[in-house]
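Letter by letter, the chains look like this.
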Amino acid sequence: MIQPMVSSDLRGIIEKALKNLAMEQVDFAVEHPEEMSHGDYATNVAMVSAKALKTNPLELAEKIKEELEKEKPDFVEKIEVAKPGFINFTFKDSFFAGEMANILDKADEFGKNEKLSGQKTIIEYTDPNPFKEFHIGHTMSNTIGEAISRIIEWNGAEVRRACYQGDKGIHVARAVAHKIKTKVEWRTEKDVALSYSEGSKLYETDEDFKKFVVEVNKKIYSETDTEINEVYMLGRGLTLEYFEKLYKVLGTRFDYYFFESTTGEFGKALVHKHTPGIFEESEGAIVFRGEKRDTKLHTRVFINKEGIPTYEAKELGLAKIKYDTYSHDISIVVTGNEVNDYFKVLMSALSEIFPNLAKNTKHIGHGMLRLPTGKMSSRTGDVITAESLIRAVSEKVKEKMKKSDRDLSSDESLVSDIAVGAIRYSILRQAPGRDVIFDFEKAISFEGDSGPYLQYTNARINSLLEKGKEMGINPVFKKDESVSVLEKILVRFPEVVAEAYENTAPHAIVTYLTEVAGLFNAFYANNQIVDLEKKEISAHRLAIALSTGQVLKNGLSVLGISSPEKM
């Protein structure tokens, strides 16, 4: 991975220069300047040092530059000083020529590094609950979790994907109780979800039904009632089977499935083991007094007065079960922001029971995915499902395709790939913690800042390569050709992948790929790529196109977005 190594090399010679000048080591940056005319890398070391030394940063920058010139790396063309004290490094064209060749040489592996080699990471995300619908919030978690999983893999770690599902709890009892009371038939997952919605409404308004739900809930846990067991297993099976179909559409595959029916009893035993002590009894329940540990925390119930473990107790059990299943170094949990405060309390309790597990657990909260019509609720039935969102986007993609010169709207697989790509891009284009308002028209645009735009650019490149092949022109870089801005940006891809891991920032890859696509389309507009009368320059331009396509394909793969060959 050359690019991050280059920044490390520059940092090394800067630190050596400071030592040679008998200057104290300071915390400085080595990064790309905003304007490419200012060089390929820049450092603020002179300004940081000047502040500490109370001297003129411009004069100090000149002094440091003179020292840097003594051991200038072979790949550096020139070192310059710019106001108010930056030191800029411009690389030789030969460096970029070598890196462009490296893209084609490494192909699908370009961008990967071994930074996390030997590390084992388990990442939990999506987590739809059986008996409920798979809504657009789960799509948000799935998209972010899958992208983070892939980013970690591209940085060299071994990754296992996990999905944790609430297959027991009051929500299940509401659905089961509704079916038993109404005798409604369950043929599909939609029937089950409707019972959950209707059961939830009755639970809030009908005291007798509420009491029945409580009894059903106890029997689901104890598995002592034949009828309840049969209804429970039917609903669980229908919804889990449906979830698998959605995972296939979304391009996700889980290594482990964990269920509350397994974690509950273990978590309950852990709480009882540490009561009194870490936990305490309160009005028939067992609670954790978070505020006693930290004023920012609050009290949470871990076992309710019916003796049933809550989500909190189950999460405690889950943390240990995950480790026993896959002895990971790092555990990452991706959930909605609404459980951020609850998770802090959970982590406090976990740190007292399994301190090492707590230390190596990271929680990533994400915002809501909203449509212009607003929020949704599976409890009231006003839910926007992932399936309905994908279907709605697919229909708009088909409409757009029918208006183009090449109508590919009958290719259902292609339409699905574009629709899912549009949704994933819309979610990943900003930091995970922020809400997303899904804009249908913007999401399916083929003209910038969208998933289909990146996919279309890659498909355009494939078309150019096919045209070149038909004319007998193969992609080959021409020696001594001046390096374009596009090429300078393309070789940064490994660096972007590393940055995306360091900052938990899938959006860094989205921003980068959008810039790459924009630069290529400008290159395409201003140059005739395939020209029989200029075979050598055409071969060079096709090599740039091939490199661009490779970077787009690899970057989209990291984000969990497919790269259709034609659009």
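Up top is the structure.
Residues numbered from 1 in each chain as written. Predicted model: local features only at pLDDT ≥ 70, side-chain atom pairs only at ≥ 80, totals over all residues. Heavy atoms only, no water.

Draft legend 1. Spotlight on the overall build of the protein chain. If you tally the helices and strands in the protein chain, you get 21 helices and 14 strands. Overall, the C-alpha framework of the protein chain stretches about 80 × 65 × 40 Å when taken along its three principal axes. For the protein chain, with 567 residues in total, the buried portion stands at 53%. Here the analysis covers contacts within the protein chain between residues at least 6 apart in sequence; of these, 72% occur between residues at least 24 apart. For the protein chain, the accessible surface area stands at approximately 26100 Å², while carbon and sulfur atoms represent 48% of it. Here the protein chain contributes 76 positively and 88 negatively charged side chains, and the mean placements of these two sets differ by 2 Å. (Helix = DSSP H or I, 4+ residues; strand = E, 2+ residues; numbered from the N terminus. Buried < 20%, exposed > 50% of the residue type's maximum accessible area, 1.4 Å probe, protein only. Contact = heavy atoms within 4.5 Å. Areas by Shrake-Rupley, 256 points an atom, 1.4 Å probe, with all protein chains shown as cover. Lys, Arg positive; Asp, Glu negative; His and termini not counted. Charge placed at Lys NZ, Arg CZ, Asp CG, Glu CD.)

Draft legend 2. Representation of the pattern of salt bridges in the model. In this structure the tally under the stated criterion is 35 salt bridges. Of the charged contacts in the structure, one is a salt bridge between arginine 253 and aspartate 255, with a shortest N-O distance of 2.8 Å. For aspartate 255, a relative accessible area of 29% corresponds to the partly exposed category. Linking glutamate 412 and lysine 398 is a salt bridge whose minimum nitrogen-to-oxygen distance equals 2.9 Å. Taken together, the residues span a long stretch of sequence, with glutamate 412 in helix 15 (residues 412-428) and lysine 398 in helix 14 (residues 386-402) at a distance of 14 residues. For lysine 398, a relative accessible area of 15% gives the class buried. One continuous salt-bridge network, built from bridges that share partners, spans Glu146, Arg150, Glu153 and Arg161. (Salt bridge = Lys/Arg side-chain N within 4 Å of Asp/Glu carboxyl O.)

Draft legend 3. Local environment of the environment of glutamate 291. Note that glutamate 291 resides in the loop between strand 9 (285-289) and strand 10 (299-303). Taking relative accessible area as the criterion, glutamate 291 reaches 36% and is therefore assigned partly exposed. On a C-alpha basis, the gap between glutamate 291 and alanine 543 in space is 61 Å, while along the polypeptide they are 252 residues apart. Within the structure, the side chain of glutamate 291 is placed 2.8 Å from the side chain of threonine 299, a separation counted as a polar contact. (Polar contact = N/O pair within 3.5 Å; in protein donor to acceptor, adjacent residues only side chain to side chain.)

Draft legend 4. Structural detail: the packing of helix 7 (residues 189-205) against helix 8 (residues 207-222). Two elements in contact, helix 7 and helix 8, have axes whose closest approach is 6 Å; the angle formed by their N-to-C orientations is 115 degrees. Here helix 7 and helix 8 pass one another in a crossing that is left-handed. Side by side, helix 7 and helix 8 meet where Gly199, Leu202, Tyr203 and Thr205 of the first sit next to Glu207, Phe209, Lys210 and Val213 of the second. Here the residues of the contact of helix 7 with helix 8 sort into 4 nonpolar, 2 polar and 2 charged. (Axes fitted to C-alpha atoms, helices over the stretch in contact; angles between N-to-C directions. Left-handed = near helix turned anticlockwise from the far one by under 90°. Nonpolar A, V, L, I, M, F, W, Y, C, P; charged D, E, K, R; others polar.)

Draft legend 5. Broad picture of the sheet that holds strand 11 (residues 330-336). One open sheet accounts for 5 strands, arranged 7-6-5-11-12; its pairing is parallel. Because the sheet does not close on itself, it has two edges, and the strands there are strand 7 (256-259) and strand 12 (361-366). With strand direction ignored, the average angle separating the axes of adjacent strands in the sheet is 25 degrees. Most of the contacts of helix 10 (residues 260-273) go to strand 7, to which it runs at about 55 degrees, and overall it touches strand 6 (158-165) and strand 7. (Pairing = 2+ DSSP bridges.)

Draft legend 6. Broad picture of the packing of helix 17 (residues 451-470) against helix 21 (residues 535-559). Running from amino to carboxyl end, helix 17 crosses helix 21 at an angle of 145 degrees, the nearest separation of the two axes being 9 Å. The chirality of how helix 17 crosses helix 21 is left-handed. The segment helix 17 lies against helix 21, with Leu454, Gln455, Thr457, Asn458, Ile461, Leu464, Leu465 and Gly468 engaging Leu542, Ala545, Leu546, Thr548, Gly549, Leu552, Lys553 and Leu556. The residue inventory of the contact of helix 17 with helix 21, partitioned by class, reads 9 nonpolar, 6 polar and 1 charged.

Draft legend 7. Molecular detail of helix 12 (residues 340-353). With 14 residues, helix 12 extends 20 Å between its outermost C-alpha atoms, agreeing within 8% with the 20 Å of an ideal straight helix rising 1.5 Å per residue. All of the buried residues along helix 12 are Tyr342, Phe343, Val345, Leu346, Met347, Ser348, Ala349, Leu350 and Ile353. (Expected span 1.5 Å × (residues − 1).)

Draft legend 8. Summary view of the environment of leucine 465. Tracing the backbone shows leucine 465 in helix 17. On a C-alpha basis, the gap between leucine 465 and phenylalanine 131 in space is 49 Å, while along the polypeptide they are 334 residues apart. If near-sequence neighbours (up to four positions away) are discounted, leucine 465 is found in contact with Pro475, Leu542 and Leu546.

Draft legend 9. Representation of the sheet that holds strand 8 (residues 280-282) within the structure. Taking strand neighbours across the sheet as the criterion, the 3 strands line up as 8-9-10 in an open arrangement whose pairing is antiparallel. Lying at the two open borders of the sheet, with one neighbouring strand each, are strand 8 and strand 10. If you compare each strand with its neighbour and ignore which way they point, the axes differ by 50 degrees on average. Examined bridge by bridge, strand 8 and strand 9 share 3 bridges and lie antiparallel to one another. Looking at the pairing, glutamate 280 lines up with valine 287 of strand 9. Relative to strand 10, helix 10 is tilted by about 115 degrees, and along the sheet it contacts strand 9 and strand 10.

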